[in-house]
Every structure is written in structure tokens, then in C-alpha cells.
Amino acid sequence: MSFPENTTVLIVGAGPAGLTAALSLVHHKYRDFVIVDAVVEGQNTSRAIAIHSATVEALAGIDAADGLLSRAIKGKSIRITSRSSQIFEAKFDPLKKHSAHPYALYIPQNVTELVLGQKLQSLGVQVQRPHRVVGMKQNEKNPRITDVSFEDGQVIRARYIIGADGARSIIRTIAGIEFSDPEGSDLSNNALAQMVSADITFEPEPVGPLTLEGHLNGTVFSGNFFLLTPFGNRFNAELTRDGKPTTKSIFRIGCAVPVKNGEPPRVPPKEYIQDLIDRYGPACITSDPSLNPTPVKIDQLVWSTRFRTNSAIADRTFTRFGAAVFLVGDAAHIHSPAGGQGMNLAIRDAIFLAEAVTKHIQASAENSDVEDTILQELADARHARALEIIGFSETLLKFAGFTYDAYAWWMPFSGASIRDLILRVFGRCDFVQSKVAWGLSGLGRR
């Protein structure tokens, strides 16, 4: 499909960040933009699952939250457990003092993309697919325009380019923007540097408090952590679109794989996932009768993947390459999934960026030589926020990775045992629960 030769704004990438940027532009009554993506259709993979309170508020502010609210599970809490008992629970209900949305939405990322895409389409905007960017150069006639070339030979001229094209961003690469871990990328320094994630069903279906919808459960055990989120069957059609349909409840699991255990397979098979569950998961979903009186096994492996938990950030998220070039989402920053902050930051970045771009376009209409102050200030603020959230997620990851090994023979205590004791004792206090919920919600770091 061909698109116009000229546009004011070009959005590259139609994941959550790119779609949200487009929705925000439309909300601000600006429609001279094109949004493209390199793949034929949206990704049918689950990936991120939590949309926190601050992000729901931001989406509601551009009239893009209703579809997600109608589809998602409204999360009541996040729990920390051992394999057999609860250690701590942070309930979201106290957030009602601060927000009209005192909950997290639990919804697979591919469903989030589907809902946002449908909203955009209802507003008369179509994502142009498949169009892969292969080059950019400053326009010969206008130094504030960039000629963007595509794999199929088409060229589009744009004044603003929003790179929302993922961690391997071609926009970032061509613009010459560095992308690195602010603390280095040596895996040997991080025992929990790699993870496996999967959507699965069980036979028979497991029972117990951790299997109920509305809660994200994190199990800490032996220096590792394991995530369990019950989806019920409300997302079955989207999650099994390319596989075998099921009416059973689907569960999202995530498990850190210690570096000493070797690299996990690129697409971990059922047997590999089962072994992780039996070694690190909560007792209620294991097949080990010594842990679980009613053993269960994986029935269907709907989807699985591996990924690194290392962080990286672009050295700048705004530059001039003829056009004003911005990076949002994974193109701008990646970090561990601890705390579920990545997609949330991407969505909020996109909303704030589109507002700033609209203001700059309006100012440019009055003065073609308008300075980039508003754009640079926004970029600096969001870069600082990204660094803050990277630090937050890395702290959570280290907290989850404490081991039960004693410090010394004369000090029979461990970091993990002290952590668990503190959580069990102080976690009963409403103040502590509220502080944790506040930190996760993003309301204090929009």
C-alpha cells in the first residue's frame, strides 16, 4: 500500500507506544501524520501484562482508556509469596485517595495493541503495513525535513519522526544515537539476568488463592523469583489465535533463570517450562506430590519466549536529523520486568510527546524558525524519568534475588530470610502496603 509523499509527523512502529502517540495526536486535533509498521499484522505474543494507575489516567486523558477498561482484569493486588505461603500483599485499594483508577489492569500486550489499534481505526486512522524503514537523509531543499526511505522503494518526507520501533530501533541506529546499560552489561554481575515467560494451561486446573483472577503473584525461592498471573479464559481467543483453541484458564508465568543454569532455549518447550515450575514455582501449580496434594501438569503451552533483564537507555531521546527525531518505548529504554514499568513508561512518554509535538507545530506555523526548547525540555524530563524507573526496577530485581545462604557460620542469617521477615512483620501495616502500591502505580512518577 502506498502512502503520501509528504507528512508532518511520521510514526515508525505500531506497538503500544506508536499507537498511543497517534491517539494522542488525534486527541489534540492533529491529523497530518502517518503511522507505519514493518510487520503485516500486530504481534500475537503476550509480553507485558500490567497497565498501572498513572497510565490508565493518562490514557483516559486522551479518551483512549474505555476499551482497555472493558477488556482487562482489574487487578486488586500484588502478592509476594514463598512456595507455600503468603509473605506480603500490596493492595491497590488505598490508591482511591489519589486516583479515579485505583487498580492495575492485567491484560496481555497483544490485546492492548489490538484494543488501541481498534480505537485508532474508529477515529479514521489506519496503520500502514508492512513498511520497513531502511534509510533517512536530510532533505536537499529544506534542512528541517528528512527523506525517509522504505524497503519497498517508497520515500516519505517528514518534519517530525517518532521512533517507536522497538529495542532494535532502525530510527535510533540511523540517527546515530547510542544505546547502552547505564551500569554496564556484564551478565556475570547479575544472577537473574535472563528470564523465561510463557502462557500455559494446566491439567487438571489448579486451585487455591494464587489461581484467582485479579492478583499478580511473585514467588521468591532459593535466590530466584517466579511470577504467576491468572488470566481466566477472557483472553483465550487472542492468545490462541495462531494455535490450538482452548476453553481452559490460561496462566502467565515468568521465571528468572540463573546464569549458572545456562542459557534457556529461544522458544522454551513444555518440558523446560514444567521443570522451572517444579523447581521454583508456587506449590499449587507444581506436579510434585510432595509439595502439591493435587499435582497438576502443563496441558497446553500457548506461547513462550526468553529475554534478558538487563537495562539500556538511549543517550538522548531527541535529536535533529533534518526533521525533529524522537525515540519512545523500547527504542528509548529497556529494563527488567520487575514492577511492570516498561510499557507504562512507553505509553506515558508517547502521550506527553504528542502533546509537545502538537504545540511545537502550532508555534512553527507562526514562526518557521521557532526554537526546539519545548521539545528538548520534554526529552530531558522523560530521559530523567526513564533513568529513575530503571533504578527502581533494578532495585526490585536485586530485592527479589536475595539468597537464603547464610552470611557466615557464626551469623546464620541470609539476605532473603531478613527480607521475608521484614515483609511479614512490617507488611501488615497499612502505611507500608500503601507505599508499595503507590510506588508501583506510577502516580508519583508520571
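Residues numbered from 1 in each chain as written. Predicted model: local features only at pLDDT ≥ 70, side-chain atom pairs only at ≥ 80, totals over all residues. Heavy atoms only, no water.

Caption draft 1: Layout of the sheet that holds strand 20 (residues 333-334). Taken together, 3 strands build an open sheet; the order of strands is 11-17-20 and the sheet is antiparallel. Here the strands that pair on one side only, and so sit at the sheet edges, are strand 11 (179-180) and strand 20. The sheet contacts of helix 9 (residues 373-400) involve strand 17 (312-314) and strand 20, and relative to strand 17 the element is tilted by about 175°. (Pairing = 2+ DSSP bridges. Helix = DSSP H or I, 4+ residues; strand = E, 2+ residues; numbered from the N terminus. Contact = heavy atoms within 4.5 Å. Axes fitted to C-alpha atoms, helices over the stretch in contact; angles between N-to-C directions.)

Caption draft 2: Focus on the pattern of salt bridges. Within the structure shown, the criterion is met by 23 salt bridges. For arginine 385, the salt bridge goes to glutamate 388, with nearest N and O atoms at 2.5 Å. Within this pair, arginine 385 and its partner glutamate 388 are both found in helix 9, separated by 3 residues, close to a single helical turn. Look at arginine 385 and you get partly exposed, because its relative accessible area is 22%. Linked through salt bridges whose partners overlap, the residues forming this network are Arg144, Arg320 and Asp372. (Salt bridge = Lys/Arg side-chain N within 4 Å of Asp/Glu carboxyl O. Buried < 20%, exposed > 50% of the residue type's maximum accessible area, 1.4 Å probe, protein only.)

Caption draft 3: Expanded view of the packing of aromatic side chains. Applying the stated criterion to the full structure yields 4 aromatic pairs. Aromatic pair phenylalanine 318 and phenylalanine 326: ring centres 5.2 Å apart, planes at 25°, arrangement stacked. For the cation-ring pair, arginine 172 lies above phenylalanine 179, with the distance from its terminal atom to the ring centre recorded as 3.7 Å. The cationic tip of arginine 445 hangs over the ring face of phenylalanine 392; the distance from NZ or CZ to the ring centre is 4.3 Å. (Phe/Tyr/Trp six-rings, centres within 6.5 Å; stacked < 30°, edge-to-face > 60°. Lys NZ or Arg CZ within 6 Å of the ring centre and 35° of its normal.)

Caption draft 4: Fine view of the nonpolar core. Core analysis: the largest hydrophobic core is formed by 69 residues, its most contacted members being Val9, Ile11, Phe33, Ile35 and Phe326. If near-sequence neighbours (up to four positions away) are discounted, isoleucine 35 is found in contact with Ile11, Gly13, Ala14, Gly18, Leu19, Ala22, Leu120, Val125, Gln126, Val127 and Gln128. Ranked by size, the runner-up nonpolar core spans 21 residues in total, among them Phe3, Met136, Ala175 and Ala323. (Core = buried A, V, L, I, M, F, W, Y, C linked by side-chain atoms within 4.5 Å.)

Caption draft 5: Just the environment of arginine 159, in detail. If you trace the backbone, arginine 159 turns up in strand 10 (residues 155-163). As a C-alpha pair, arginine 159 and valine 9 span 150 residues in sequence and 6.1 Å in three-dimensional space. The residues touching arginine 159, leaving out its near neighbours within four places in the chain, are Thr7, Thr8, Asn142, Arg144, Ile145, Arg320, Ala323 and Ala324.

Caption draft 6: Geometry of helix 4 (residues 109-122). With 14 residues, helix 4 extends 20 Å from end C-alpha to end C-alpha; this agrees with the ideal 20 Å at 1.5 Å per step. The set of residues buried in helix 4 consists of Gln109, Asn110, Val111, Thr112, Glu113, Val115, Leu116 and Leu120. Those residues of helix 4 that are buried are in contact with helix 1 (16-27), strand 2 (33-36), strand 3 (50-51), helix 3 (66-71), helix 6 (236-239) and helix 8 (342-366). After helix 4 finishes, the residue glycine 124 shows a positive phi value of roughly 90°. (Expected span 1.5 Å × (residues − 1).)

Caption draft 7: Structural context of the pairing of strand 5 (residues 77-81). Of all 5 residues that make up strand 5, 4 are buried, and the element is covered over most of its length. Across 5 bridges, strand 5 lies against strand 6 (residues 86-91) in antiparallel orientation. Residue pairing in the sheet places threonine 81 in a bridge with glutamine 86 of strand 6. Here strand 5 folds back onto strand 6, and the loop between the two strands holds 4 residues. In the sheet, strand 5 pairs with strand 13 (residues 215-221) via 5 bridges, with the strands oriented parallel. Opposite isoleucine 78, over in strand 13, you have leucine 216 as the bridge partner.

Caption draft 8: Inspection of the sheet that holds strand 4 (residues 73-75) at higher detail. Pairing is antiparallel across the open sheet formed by 3 strands, whose spatial order is 3-7-4. Looking at which strands have only one partner, the edges of the open sheet turn out to be strand 3 and strand 4. With 3 bridges joining them, strand 4 and strand 7 (residues 104-106) adopt antiparallel strand pairing. Along strand 7, the bridge assignment pairs isoleucine 73 with tyrosine 106.

Caption draft 9: Geometry of helix 10 (residues 415-426). With 12 residues, helix 10 ought to run about 16 Å at 1.5 Å a step, and its terminal C-alpha atoms sit 16 Å apart, in line with that. The set of residues buried in helix 10 consists of Gly415, Ala416, Arg419, Asp420 and Leu423. All buried residues of helix 10 project into a common sector of 130° when viewed along the axis, lining one side. Elements that come into contact with the buried residues of helix 10 comprise strand 5, strand 6, strand 13 and helix 9. (Arc of directions from axis to C-beta.)

Caption draft 10: Spotlight on the side chain of threonine 286. Mapped onto the elements, threonine 286 comes out in the loop between helix 7 (270-280) and strand 16 (297-308). Look at threonine 286 and you get buried, because its relative accessible area is 0%. Setting aside chain neighbours within four positions, we find threonine 286 in contact with Arg83, Ile277, Asp278, Gly281, Leu291, Asn292, Pro295 and Val296.

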